[in-house]
Amino acid sequence: MKLAFDFGITNTDIVSYKDGEMNFFTFPSEEISEEFIEKLLVHIKIKISDVEVIAVTGGKSSDIKNVFRGIPIVKVNEIEAIGYGAKHLYSIHDSKYLAVSCGTGTACVAFINGEYSHMGGISVGGGTLQGLSNLIIGKENAEEINNLALKGNKDNLDSLIGDVVNEIGTLYPEITASNFAKARYENNFLEQDISSSLSNMVGEVIGTISYLNALMIDVSKIYFIGRTSLLDIVKNGIDKRLELVNISGEYKKNREFGNAIGAIAYLNAST
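Read on for a plain summary of the structure. What you see is a predicted model; the values in this text were computed from it and never measured.

## Some thoughts on the side chain of D239
Of note, D239 is situated in helix α7 (residues 232-243). We classify D239 as buried; its relative accessible area is 18%.

Structure follows, in C-alpha cells:
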C-alpha cells in the first residue's frame, strides 16, 4: 500500500492506494510530527506493516525525516503535487494545461513542455472567506457559510455594471462592478446576503487570476482542485469570471484531495 499526506493549513488530507484503488480521508491539521502521522494512521485504521512508502506534500512536510518507522518517505514539491493531481484526476493527455488549487489560498500551476511551473498564487481563498465571515457575522465554518450564501442575494450588497453605467465594452449588466459597494451607505444586511456577497467575491477573485493565467499560456480549460472549489457560490463566482473570456472550468469528484492524489500519482510515476 502507498500513502500520501497533504498537510494543509486547515486540513490534512490522506489518500491510500492499493491495487489501483484510492481511498480518501481528511482531518483537521495539527503541527506536523511523527506523532501526528501515527495518530492519523490509527484513525484510518491502517497498519504500519501494510505501508510500503509514504509521500508527503504541503505545509512544512519537507522538515519530516526521510524514514518513518522503517517506511521511506518521499517528499513531493507542492507544485508537482498540484500538477500531477490534476493530470490524474481529470485524465489529462494535453501537452499543455493549467491546474488551479483552491485551498486556504490559491495557486496556479501550468504544465508546459513536460514541466510544471508555478504561474503565481494569491492570498485570497477559503481562508479569506472564513476569516472575513468570522469578523463580519461571527461564522467561520465553510459549510455553514455556503449554506447561508445559497439562501442569500449578493446583489443586495454588490453594485452591478447595470447599476452604475450603461455599457462597458462587452460586459453584461449583471456582472459585478464593485463587491460590497452598497455597504458604504448602510450596514443593516442579512447574514445570508453577506455570505452570498463574500463567497461570490472570493470566487470572482479566484476566477480572475485563473483566466488571466489561462490566457497567458493560451488554454481554454482550467482544471480545479481543492476544497474551496466545492463551495457553490464560490464556484459560481469563478465560473462567471471564466465566462467573460469563454474559458471553461472543470470540476471533478474528489478534487478536494487533489494534492494528495498528485503525491500518489508522483509515486506511481517515479517508483
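Don't stop here, the text continues.
## A few points about the sheet that holds strand β9 (residues 115-122)
In spatial order, the strands read β9-β8-β7-β12-β13; together these five strands make up an open sheet with mixed pairing. Two strands close off the open sheet at either side, each with one partner strand: β9 and β13 (248-251). The mean angle between the axes of side-by-side strands here comes to 25 degrees, regardless of whether they run parallel or antiparallel. The pairing of strand β7 (residues 96-102) with strand β8 (residues 106-112) spans seven bridges and is classified as antiparallel. Bridging from a neighbouring strand, S101 pairs with A107 of β8. The strands touched by α7 within the sheet are β12 (221-225) and β13, with β13 carrying the most contacts at an inclination of about 150 degrees.

## Brief notes about unusual backbone geometry
We note that K45 has phi near 60 degrees; this positive angle belongs to a residue other than glycine. Assignment of secondary structure puts K45 in the loop between α1 (34-43) and β4 (53-57). Phi is positive for N254, which is not a glycine, with a value near 70 degrees. The residue N254 is located in the loop between β13 and α8 (258-270) in this model. Assessed through its relative accessible area of 22%, N254 is described here as partly exposed.

## What about the sheet that holds strand β3 (residues 21-28)?
With mixed pairing, six strands are arranged side by side in an open sheet as β3-β2-β1-β4-β6-β5. With one partner strand each, in any of the chains shown, β3 and β5 (67-68) form the two edges of the open sheet. The pairing of strand β1 (residues 2-7) with β4 spans five bridges and is parallel. Bridge pairing in β4 places F5 opposite V56. Strand contacts of α8: β1, β2 (11-18), β3, β4 and β6 (71-75), with the helix running at about 140 degrees to β1, the strand carrying the most contacts.

## Focus on the nonpolar core
One finds L98, I222 and F224 to be the most contacted residues of the largest nonpolar core, which totals 28 residues. Of all the secondary structure elements, the ones that give two or more residues to this core are β7, β8, α3 (126-137), α4 (142-151), α6 (191-217), β12 and α7. Here this core gets seven residues from one element, more than from any other, and that element is α6. Ignoring sequence-local partners within four residues, the contact set of L98 consists of C108, V109, A110, M119, S210, N213, A214, I217, V219, K221, I222 and Y223. Judged by nonpolar contacts, the second largest core, of 27 residues, contains I79, I82, L89 and I225.

## Focus on the environment of K139
Position of K139 among the secondary structure elements: in the loop between α3 and α4. As a C-alpha pair, K139 and S195 span 56 residues in sequence and 9.4 Å in three-dimensional space. Once residues lying within four places of it in the same chain are set aside, the contact partners of K139 are Q130, S133, N134, E144, I145, L148 and E191. A polar side-chain atom of K139 sits 3.4 Å from a polar atom in the side chain of E144.

## Overview of the pattern of salt bridges
Here the idea is simple: oppositely charged side chains can pair when their charged atoms come close. One pass over the full model with this rule turns up nine salt bridges. Here R227 and D13 are joined by a salt bridge, their closest N and O atoms 3.0 Å apart. With a gap of 214 residues between them, R227 in the loop between β12 and α7 and D13 in strand β2 connect regions that are remote in the sequence. Look at R227 and you get partly exposed, because its relative accessible area is 27%. K139 is paired through a salt bridge with E191; the nearest N and O atoms lie 3.9 Å apart. Of this pair, K139 sits in the loop between α3 and α4 while E191 sits in helix α6, placing them 52 residues apart in sequence. Since its relative accessible area comes to 33%, E191 is described here as partly exposed. Among the ionic contacts, a cluster of salt bridges with common partners joins E34, E38 and R69.

What counts as what
- Residues numbered from 1 in each chain as written.
- Predicted model: local features only at pLDDT ≥ 70, side-chain atom pairs only at ≥ 80, totals over all residues.
- Heavy atoms only, no water.
- Helix = DSSP H or I, 4+ residues; strand = E, 2+ residues; numbered from the N terminus.
- Buried < 20%, exposed > 50% of the residue type's maximum accessible area, 1.4 Å probe, protein only.
- Pairing = 2+ DSSP bridges.
- Axes fitted to C-alpha atoms, helices over the stretch in contact; angles between N-to-C directions.
- Contact = heavy atoms within 4.5 Å.
- Core = buried A, V, L, I, M, F, W, Y, C linked by side-chain atoms within 4.5 Å.
- Polar contact = N/O pair within 3.5 Å; in protein donor to acceptor, adjacent residues only side chain to side chain.
- Salt bridge = Lys/Arg side-chain N within 4 Å of Asp/Glu carboxyl O.

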